[in-house]
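# Analysis of the macromolecular model
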Amino acid sequence: MRKQFLFIFLALIVANTSEAQTRSTRIGYIDMEYILENVSDYKEAKSQLDLKATKWKQEIETKKLEINKLKDNLKTEKALLTKELIEERETEIKFLENEMLEYQQKQFGVDGNLMHQKAALAKPIQDQVFTAVQDIAEAKNYDFIFDKSSDLTMLFSAKRFDISDQVIRILNRTEKRQQLNKKQLKEQEAKENIENEIDENPAMADRQKALDARKAAREKLVADRKLEQEAKRKEYEDKRNAIATEKAAKKNGTVSETAKPAEATKTETTVPPSATPITTEPTVNKAEERQKLYEQRKKELEEKKKKILEEREAAKKAKEAETEKSNTTNN
């Protein structure tokens, strides 16, 4: 079968040689196992099937333990039993062993329940994959698309020809579209267009990463500024509340603990340390802590900016090297 497939494949390549002179032949491949493992519906159903398989294994282990127990009892009591009883017990043990093997074959055999349920589980997803592959092939003018996990032996396959992630995105898009409103649908379509452009031009992936990094840096800067403003606002409110409390105390003819004059604190020599009035030291400590926090965040932000610049420079050098390499190849 494999030889026939290879012969047909070579014949198709020969038949398309004249056409390949005018345009390059596009070949891609998918990994069906990788796709299935990354589809949420398949993963959920597979986990339920795994629970069933675990239950079947436990039942088989229970039968094995019962049979081993019967064998041990027979070995221990064999000297006390008659020949007829020994034969009767051996027949019973043999019957239980055959029953266990039949059950094991029924559940885990080549034509067992596990294989049938796996095939039934994968078939709907495989049909969706085949439809997605056809759509990709027609939209992007692929001549051949193979399945890496099939019987076809692929001794080498370059990653740039792998369209498995594109298929997964199409399957996920179909699932998401059913749950989106009109506005979200437009946003999703715009996102899909960007992903399609990246698929067509791998160099755009580096630019997209740089844009995402700059966007994340801007969002972090805005968040830090908001935290800084919040800290200043809190400090201002604390000071205003302290002034208002002091004014109210003076108006009532009393002095708050935080506003006692220095002379009063000096004359109170008999007061124990535990009863000393509360000073403004906690407020100062809080201000120092906020200042330290602000400086620490500022330092982290500078380090992150530096890292982004280094990554941008590295991406630029990599792009220049790739351009130089492609120019050398063309020459």
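Note that the structure is a prediction, hence the values are computed from the model and not measured.

What follows concerns the overall build of the protein. When helices and strands are tallied, the protein shows eleven helices and two strands. The order of helices and strands in the protein, counted from the N terminus, is α-α-β-α-α-α-α-β-α-α-α-α-α. Taking all 331 residues of the protein together, 16% fall into the buried category. Considering only contacts in the protein between residues 6 or more positions apart, those separated by 24 or more positions represent 70%. Total accessible area on the protein is roughly 25,800 Å²; 54% of this is exposed by carbon and sulfur atoms.

Right, let's get into the side chain of Ser164. If you trace the backbone, Ser164 turns up in helix H7 (residues 164-177). For Ser164, a relative accessible area of 0% gives the class buried. Looking at Ser164, its side chain comes within polar contact range of the main-chain nitrogen of Asp31, at 2.8 Å. When sequence neighbours within four positions are dropped, the list of residues in contact with Ser164 reads Tyr29, Ile30, Asp31, Tyr34 and Ile35.

Relative to the 38 Å expected for 26 residues at 1.5 Å per residue, helix H5 (residues 83-108) spans 37 Å between its end C-alpha atoms, a close match to the ideal helical length. For H5, the complete set of buried residues consists of Ile86, Ile93, Met100, Tyr103 and Gln107. Residues of H5 that are buried in the fold lie against helix H4 (40-77) and helix H6 (113-140).

This paragraph deals with the pattern of salt bridges. For the structure on display, the rule yields eleven salt bridges. In this structure, the salt-bridge partner of Lys46 is Asp50, at a minimum N-O distance of 3.5 Å. Of this pair, Lys46 and Asp50 are both found in helix H4, four residues apart, which corresponds to roughly one turn of the helix. The class of Asp50 is partly exposed, set by a relative accessible area of 35%. Ionic pairing is found between Lys234 and Asp238, a salt bridge with its closest N-O pair at 3.2 Å. With Lys234 and Asp238 both in helix H9 (residues 203-251), this residue pair falls four residues apart, about one helical turn. A relative accessible area of 25% places Asp238 in the partly exposed class.

A few words now on the confidence of the model for the protein. Here the protein shows a mean pLDDT of 77. Residues at 70 or above account for 71%. Within the protein, no element has a lower average pLDDT than helix H10 (residues 262-267), which sits at 44, and none a higher one than H5, at 92. Counted against residues more than four places away or in other chains, residues 255-281, with its pLDDT under 50, gives 14 contacts.

This part covers the packing of H4 against H6. Following both chains from N to C, one finds H4 and H6 inclined at 175°, their axes separated by 11 Å at the closest point. If you check the angle between H4 and H6, you find them roughly antiparallel. Only Asn113, Leu114, Gln117, Lys118, Leu121, Ala122 and Ile125 of H6 make contact with H4, whose side of the interface consists of Tyr42, Ala45, Lys46, Leu49, Lys52, Ala53 and Trp56. For the contact of H4 with H6, a count of residues per class yields nine nonpolar, two polar and three charged.

Covered by surrounding structure in strand E2 (residues 144-147) are Phe144 and Phe146 only, the residues Ile145 and Asp147 on the alternate face being uncovered. Two strands pair when backbone bridges link them, and strand E1 (residues 27-30) and E2 are joined in this way by four bridges, in the parallel orientation. In the strand pairing of E2, Ile30 is matched with Asp147.

Turning next to the packing of aromatic side chains. A complete count under the given rule lists two aromatic pairs for this structure. Seen in terms of ring centroids, Trp56 and Phe108 are 6.1 Å apart; in terms of plane orientation they differ by 80°. Their pairing is edge-to-face. In this pair, Trp56 is assigned in helix H4 and Phe108 in helix H5, connecting sequence segments 52 residues apart. For the ring pair Phe144 and Phe146, a centre distance of 6.2 Å and an interplane angle of 5° mean the geometry is stacked. Positioned over the ring face of Tyr103 is Lys63, at 5.8 Å from the centre of the ring.

Here the focus is the environment of Ile67. In this structure, Ile67 sits in helix H4. Accessibility expressed as a relative area gives 5% for Ile67, which makes it buried. Sequence spacing of Ile67 and Phe95 is 28 residues, and the spatial spacing of their C-alpha atoms is 10.0 Å. Those residues in contact with Ile67 that lie beyond four places of it in its chain are Ile93, Leu96, Glu97 and Met100.

Criteria and cut-off values
- Residues numbered from 1 in each chain as written.
- Predicted model: local features only at pLDDT ≥ 70, side-chain atom pairs only at ≥ 80, totals over all residues.
- Heavy atoms only, no water.
- Helix = DSSP H or I, 4+ residues; strand = E, 2+ residues; numbered from the N terminus.
- Buried < 20%, exposed > 50% of the residue type's maximum accessible area, 1.4 Å probe, protein only.
- Contact = heavy atoms within 4.5 Å.
- Areas by Shrake-Rupley, 256 points an atom, 1.4 Å probe, with all protein chains shown as cover.
- Polar contact = N/O pair within 3.5 Å; in protein donor to acceptor, adjacent residues only side chain to side chain.
- Expected span 1.5 Å × (residues − 1).
- Salt bridge = Lys/Arg side-chain N within 4 Å of Asp/Glu carboxyl O.
- pLDDT = per-residue confidence, 0-100.
- Axes fitted to C-alpha atoms, helices over the stretch in contact; angles between N-to-C directions.
- Parallel < 35°, antiparallel > 145°, perpendicular 65-115°, else oblique.
- Nonpolar A, V, L, I, M, F, W, Y, C, P; charged D, E, K, R; others polar.
- Pairing = 2+ DSSP bridges.
- Phe/Tyr/Trp six-rings, centres within 6.5 Å; stacked < 30°, edge-to-face > 60°.
- Lys NZ or Arg CZ within 6 Å of the ring centre and 35° of its normal.

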